[in-house]
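Chain by chain, the residues run as shown.
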Number of protein chains: 2
Amino acid sequence: MATMTDIAREAGVSLSTVSYALSGKRPISPATRERIQSAIDRLQYHPTASARALASQRTSLLGVAVPQREDVDAHVIMEFVSSILTASHEQDYDLLLVAAEDHERTRRVMDEGKVDALIVMDLVEDDPRIPSLAALPRPVVLIGYPQESGGLACVDFDFLSGAMLAVRELHARGSRRIGMLTSPAATHRPSPTYARRSRLGYTMACTELGIAPTIVEVPSDAESLGAFVREQLVQEQRFDALFVHQEPALAHLGRAFAAQGVACPEDVQIVAISPEDVAVSGPWDVSNVELPISSIGRTALAMLLEMLSGPAAPPHSRLLSPTFTPRGTTRA
Amino acid sequence: MATMTDIAREAGVSLSTVSYALSGKRPISPATRERIQSAIDRLQYHPTASARALASQRTSLLGVAVPQREDVDAHVIMEFVSSILTASHEQDYDLLLVAAEDHERTRRVMDEGKVDALIVMDLVEDDPRIPSLAALPRPVVLIGYPQESGGLACVDFDFLSGAMLAVRELHARGSRRIGMLTSPAATHRPSPTYARRSRLGYTMACTELGIAPTIVEVPSDAESLGAFVREQLVQEQRFDALFVHQEPALAHLGRAFAAQGVACPEDVQIVAISPEDVAVSGPWDVSNVELPISSIGRTALAMLLEMLSGPAAPPHSRLLSPTFTPRGTTRA
DNA sequence: CTGTTAGCGCGTTCAC
DNA sequence: GTGAACGCGCTAACAG
C-alpha cells in the first residue's frame, strides 16, 4: 500500500505539499498539483482511513443500532436503514451497524470512538438504555419519542396529531361512531413509544368532536379479526368508522369485510396509520395517514449531522407532521 | 478522554505494560494487573479504535454491501444482514454497511482500509463488479454463485441439488407430470445467479427420472396465477405436481387453488424452494426445500474469518445442501 | 515479568 | 508556495 510519503518522493515534493494538495486547504501550483496527481494514479494511492481518523479525530462513520427482535417488522427496519444509508453516503459517511440488543457493544462503539455519532432505533417506553446513552460524549439521536428521553434528541412521526387527523377526517365524512382498532397493549413486554401517543390522539380528537371514544384491542390474526367484524360490526353495528393503528391487521380486515358483506366505505369507513405500501398492498386501497419511514430516517440523519457540525441548536425533538391520503375506504 | 499514557502514569507502570495487560499478549503479574485495572476504572479509559487500527493494521470491521433495489425482498436482505451481524459480533467484529449500488464507494471502503474484509450480497450473472472485487487485496466473499466468479469465494444455497431434490420427492410421491413454476426470465435486467441453477436442476432431475420437463413462467400477481391455475390445472390438467421456485407466488397460488377447487395434495402436489417462514405463512403450509438464509449468512462470515486468519484453504465456493420438509402440500 | 523505543500514516503548525 | 517537525494513541519489537 502506497503512503503519502511514497507519493511525495515519487512526485519530488514534500509530504505536506501532498497533504495540502489533497485537502485543498491551501493553494498549490498547477504544475506540482499535476505531478502529485500522476504519482497518486501511478502508485494507486488511497489515504488510510485509520490514520486519517487518528489525526483528525473523526471517523466518517455513524453508528446505527438496529433491533433484531422477531416482533418488529423487518420491512420497516430495512427501510429505516436504507434511507439512513443513502442519506449518509450523500454526506460522505458510512454506517456502522450494531445489534440494538447488544447495548454493551453499542456503548463500546461510541466509547472507543469507532463512530462519530449514533442513531438508535426502536425505542420503547422507559427504555433502560436511555440513561446510558444520555451520558455519552458524542451526539445521539433516538428514533422514537419516549416520554422520558433524558434530554436526548428524538425523531419520530407525530402519532398524536396523526391520530387526531384520522379521526377528524372520518368525522368530516359523516361518521359519528368512530372506533379505534389496535394491538393489545402488552403489559408485560416493553411497549413501543408510539402506542400511547396514537391512543391519546384518538381520545383527544373524539373528545374535541363530542363523540365517545372506544378503543378495541384485537390480536392481528385472521380469526380474531374475523370475529371482531362479525360481532361488533355485523351484529352489533357498533361502529360506522374505524381508525386502525395496526398494520398487520389491514389485510385480514379487508378479507373479513368482503367475506361478511360489510360495505366499505358505505357501511364503515376506514382510515389507517401506515406506510403507503402496506396501505395499497392488501385486498383494498386503504385511506391512510402516512407513516413516513424514509423521512424519519433522513431527518434523524440530518439532525445528527447538525449536532456534529456544532452545538448550535439546543437539544430538541422533531415530530413529523401527518398527512392524510383519501383512498378507497373513505367516502368523498 | 483518558489515554493509555494516563493509565500508565496513574498506575505507576510503563506504557507497554498497560498495552500488554489489555491485549493479554504477555503475562502480567496479578499485582500490577490489578493496579492497571483500577486506574482504567478510575479514569474511565477506553482504547481508541482508530489508533489501535493504525498500529495493528486491522479495524475489526467487516464490510457488507447490501442491495437497495426495490425488487429484492427486504425481508431476505434483513435476515442476511441480521445473521451476519450476530455472527460477527460473536467474533468481536462490527459491520460496516455500504450500498451495493454505490460500487465506487464499496471499493473505496476497501482501498482506504476502513474494513478488513468484505461480503457482497445479491450477485447477478455477469456481475460487472466481479473483476474489480477480484483485484482487491483484502478477502472478499460473494453471496451468490455466478458462473464466472473470477476466482472469488462464493457462498450460496445449492439450488441445483435443491431443485433435483424437490422433483425427486414429488416423483417418489407418485407424480409424473411435474411442472416447474417460476418468474419470467428477465432477459433485459441482470438475473440472479440462482435462476439458472434451479431450472437446470429441475431439468436434470426430470431427465434422470424419464419424465418431460416443463418450465412455466408466470408473473407473481394474483390474476396471472389465477389464470394459470384455471387454464393449465383445471382445464388442461396438464400437471399433477408443481415445483415452485417463486416465493411471492405461493400465497396467490394457494388462494387460487381454494377458489377453483383444485385439491392439494390430492390433485396436485406442490414443493417449493423457499424460506420456512414464507412456506408456512400463507393460506396453506407448503412442503418445501428450505432456503437457509441465516446459514448462508453465517457461512459467509465464517469463510471470511478463515481467509483473514491466513490463506490456509485455496479459494473455493460453498454450496449449502438442501433439505426437504414435507408439509400439507404433498402426500405421505 | 517490566521498560524503552521506534514506528503505523496522516494532519497541522511553524519557519523557509 | 514549499519543506521539516511534531503529535494523534496504540502496537510490538528489542532490551533488561
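All values derive from a computational prediction rather than experimental measurement.

### Let's talk about the protein's contact with DNA strand D
Around DNA strand D sit 24 residues in total, of which Ser 14, Arg 26 and Pro 27 of chain A together with Met 4 and Tyr 45 of chain B are the nearest. In this structure, a phosphate oxygen belonging to DNA strand D sits 3.1 Å away from a side-chain N or O atom of Lys 25 of chain B. With respect to DNA strand D, the side chain of Tyr 45 of chain B contributes an N or O atom lying 2.4 Å from a phosphate oxygen. Of all the secondary-structure elements, those providing two or more residues to the surface near DNA strand D are α2 (15-23) and α4 (49-56) of chain A together with α2 (15-23) and α4 (49-56) of chain B. Considering only residue class, the surface near DNA strand D consists of 11 nonpolar, nine polar and four charged.

### Re the relation of the copies chain B and chain A
The transformation that overlays chain B on chain A combines an axial shift of 0.0 Å with a rotation of 180°, and the residual RMSD is 0.3 Å. What we have between these two chains is a two-fold relation. Interface overlap between copies: 95% of the residues of chain B at the interface are likewise at the interface in chain A, consistent with a symmetric, same-surface contact.

### Here we look at the pattern of salt bridges
On inspection of all chains with the given rule, the structure shows 37 salt bridges over all chains. Across the salt bridge formed by Arg 197 of chain A and Asp 156 of chain A, the nearest N and O atoms sit 2.6 Å from each other. Separated by 41 residues along the polypeptide, Arg 197 of chain A in helix α9 (residues 193-209) and Asp 156 of chain A in strand β5 (residues 153-157) bring together distant segments of the chain. Residues Arg 197 of chain A and Asp 156 of chain A agree in their burial class; the two are buried. The salt bridge partner of Glu 306 of chain A is Arg 318 of chain A, with a shortest N-O separation of 2.8 Å. Of this pair, Glu 306 of chain A sits in helix α13 (residues 293-309) while Arg 318 of chain A sits in strand β11 (residues 317-320), and the two are 12 residues apart along the sequence. Where salt bridges share partners, they join Asp 92 and Asp 94 of chain A together with Glu 104, Arg 105, Arg 108, Glu 112 and Lys 114 of chain B into one cluster.

### Brief notes about the interface of chain B and chain A
Contact with chain B, which involves 42 residues of that partner, is made by 41 residues of chain A. Summed over both partners, the interface of chain B with chain A buries about 3,500 Å², with 59% contributed by carbon and sulfur atoms. When the buried area of chain B at its contact with chain A is split by residue, Met 78, Leu 97 and Arg 105 of chain B rank highest and sum to 17% of it. There are eight salt bridges connecting chain B and chain A. The partner of Lys 114 of chain B in a salt bridge is Asp 94 of chain A, and the shortest N-O contact between them spans 3.0 Å. Along the contact surface separating chain B from chain A lie 20 residue pairs in polar contact (both at pLDDT 80 or more). Tallying contributions element by element places helix α5 (residues 74-90) of chain B first for the side of chain B that touches chain A, with nine residues. Here the side of chain B that touches chain A is composed, by residue class, of 21 nonpolar, 11 polar and 10 charged.

### What to know about the UniProt feature "domain: HTH lacI-type" (unreviewed entry) in chain A
Summarizing the sequence annotation, UniProt attributes the feature "domain: HTH lacI-type" (unreviewed entry) to residues 2-56 of chain A in the numbering used throughout. Helix and strand shares over residues 2-56 of chain A are 71% and 0% respectively, and the end C-alpha atoms of the span are 20 Å apart.

### With respect to the protein's contact with DNA strand C
For DNA strand C, the set of nearby residues contains 26 residues, the closest of which are Met 4, Tyr 20 and Tyr 45 of chain A together with Ser 14 and Arg 26 of chain B. For DNA strand C, a phosphate oxygen lies 2.6 Å from a polar atom in the backbone of Met 4 of chain A. Between DNA strand C and Thr 48 of chain A there is a distance of 3.2 Å, counted from a sugar or linking oxygen to a side-chain nitrogen or oxygen. Of all the elements in the fold, those that place two or more residues in the surface near DNA strand C are α2 and α4 of chain A together with α2 and α4 of chain B. Residues belonging to the surface near DNA strand C are distributed by class as follows: 11 nonpolar, 11 polar and four charged.

### What about the packing of helix α1 (residues 4-11) of chain B against α2 of chain B?
Helix packing geometry: the angle between the two helix axes and the distance between the axes. Residue and element names in this part refer to chain B. As a packed pair, α1 and α2 sit with axes 8 Å apart at the nearest point and diverge in direction by 105°. Our classification of the angle between α1 and α2 gives roughly perpendicular. Within the contact between the two elements, α1 uses Met 4, Thr 5, Ile 7 and Ala 8 and α2 uses Leu 15, Val 18 and Ser 19. Of the residues assigned to the contact of α1 with α2, the class counts are five nonpolar, two polar and no charged.

### Notes on the pairing of strand β4 (residues 140-143) of chain A
All names here are of chain A. Of the two faces of β4, the one holding Val 140 and Leu 142 and the one holding Val 141 and Ile 143 are both buried throughout. Bridge count between strand β3 (residues 117-120) and β4: three bridges; the pairing is parallel. Bridge pairing in β4 places Ile 119 opposite Val 141. Bridge analysis of β4 against β5 gives three bridges, and the strand direction is parallel. Its bridge partner lying in β5, Ile 143 is registered against Val 155.

### Here's the deal with the packing of aromatic side chains
Residue and element names in this part refer to chain A. Inspection of every chain in the model, using the stated rule, returns eight aromatic pairs over all chains. Aromatic rings pair up to connect Phe 157, Phe 159 and Tyr 194 into one cluster. The positively charged end of Arg 26 is found above the aromatic ring belonging to Tyr 20, 4.5 Å away from the centroid.

### Quick word on the sheet that holds strand β1 (residues 61-66) of chain A
On the basis of which strands lie adjacent, the open sheet formed by 12 strands has the order β11(A)-β5(A)-β4(A)-β3(A)-β1(A)-β2(A)-β2(B)-β1(B)-β3(B)-β4(B)-β5(B)-β11(B) and mixed pairing. Across the chains shown, the open sheet's two edge strands, defined by having one partner strand only, are β11 of chain A together with β11 (317-320) of chain B. With direction set aside, neighbouring strand axes in the sheet form an average angle of 20°. As defined by bridge partners, strand β2 (residues 94-99) of chain A adjoins strand β2 (residues 94-99) of chain B across three bridges and the pair is classed as antiparallel. Paired with Leu 95 of chain A across the bridge in β2 of chain B is Leu 97 of chain B. Strand contacts of helix α13 (residues 293-309) of chain B: β1 (61-66), β3 (117-120), β4 (140-143), β5 (153-157) and β11 of chain B, with the helix running at about 160° to β5 of chain B, the strand carrying the most contacts.

### Considering the packing of α2 of chain A against helix α3 (residues 30-43) of chain A
All names here are of chain A. Contact geometry for α2 and α3: axes closest at 10 Å, N-to-C directions at 90°. As judged from the angle between their axes, α2 and α3 are roughly perpendicular. Contacts between α2 and α3 pair Thr 17, Val 18, Ala 21 and Leu 22 from the former with Arg 33, Ile 36 and Ile 40 from the latter.

### Side note on the sheet that holds strand β7 (residues 214-217) of chain B
Residue and element names in this part refer to chain B. Reading across from one edge, β7-β6-β8-β9-β10-β12 is the order of the six strands in this open sheet, with mixed pairing throughout. Two strands lie at the open edges of the sheet, namely β7 and β12 (324-325), each paired on one side alone. Sheet analysis places strand β10 (residues 288-290) next to β12, joined by two bridges and oriented antiparallel. The residue bridging Asn 288 from the neighbouring strand is Thr 325, located in β12.

### Focus: the environment of Leu 22 of chain A
Among the structural elements, Leu 22 of chain A can be located in helix α2. Residues in contact with Leu 22 of chain A, not counting those within four places in the same chain, are Ile 40 and Tyr 45 of chain A.

### Digging into the side chain of Thr 59 of chain B
Along the chain, Thr 59 of chain B falls in the loop between α4 and β1. Owing to a relative accessible area of 13%, Thr 59 of chain B belongs among the buried residues under this scheme. Within the local environment of Thr 59 of chain B, its side chain forms a polar contact with the backbone nitrogen of Leu 61 of chain B, the two atoms lying 3.1 Å apart. Once residues lying within four places of it in the same chain are set aside, the contact partners of Thr 59 of chain B are Lys 114 of chain A together with Ala 53, Gly 113, Lys 114, Val 115 and Asp 116 of chain B.

Cut-off values and rules
Residues numbered from 1 in each chain as written. Chains lettered and ligands numbered in written order. Predicted model: local features only at pLDDT ≥ 70, side-chain atom pairs only at ≥ 80, totals over all residues. Heavy atoms only, no water. Near = heavy atom within 4 Å. Polar contact = N/O pair within 3.5 Å; in protein donor to acceptor, adjacent residues only side chain to side chain. Helix = DSSP H or I, 4+ residues; strand = E, 2+ residues; numbered from the N terminus. Nonpolar A, V, L, I, M, F, W, Y, C, P; charged D, E, K, R; others polar. Least-squares fit on C-alpha atoms with pLDDT ≥ 70 in both. Contact = heavy atoms within 4.5 Å. Salt bridge = Lys/Arg side-chain N within 4 Å of Asp/Glu carboxyl O. Buried < 20%, exposed > 50% of the residue type's maximum accessible area, 1.4 Å probe, protein only. Buried area = accessible area lost by both parts, 1.4 Å probe. UniProt positions renumbered as here; feature names shortened; annotations may be inferred. Axes fitted to C-alpha atoms, helices over the stretch in contact; angles between N-to-C directions. Parallel < 35°, antiparallel > 145°, perpendicular 65-115°, else oblique. Pairing = 2+ DSSP bridges. Phe/Tyr/Trp six-rings, centres within 6.5 Å; stacked < 30°, edge-to-face > 60°. Lys NZ or Arg CZ within 6 Å of the ring centre and 35° of its normal.

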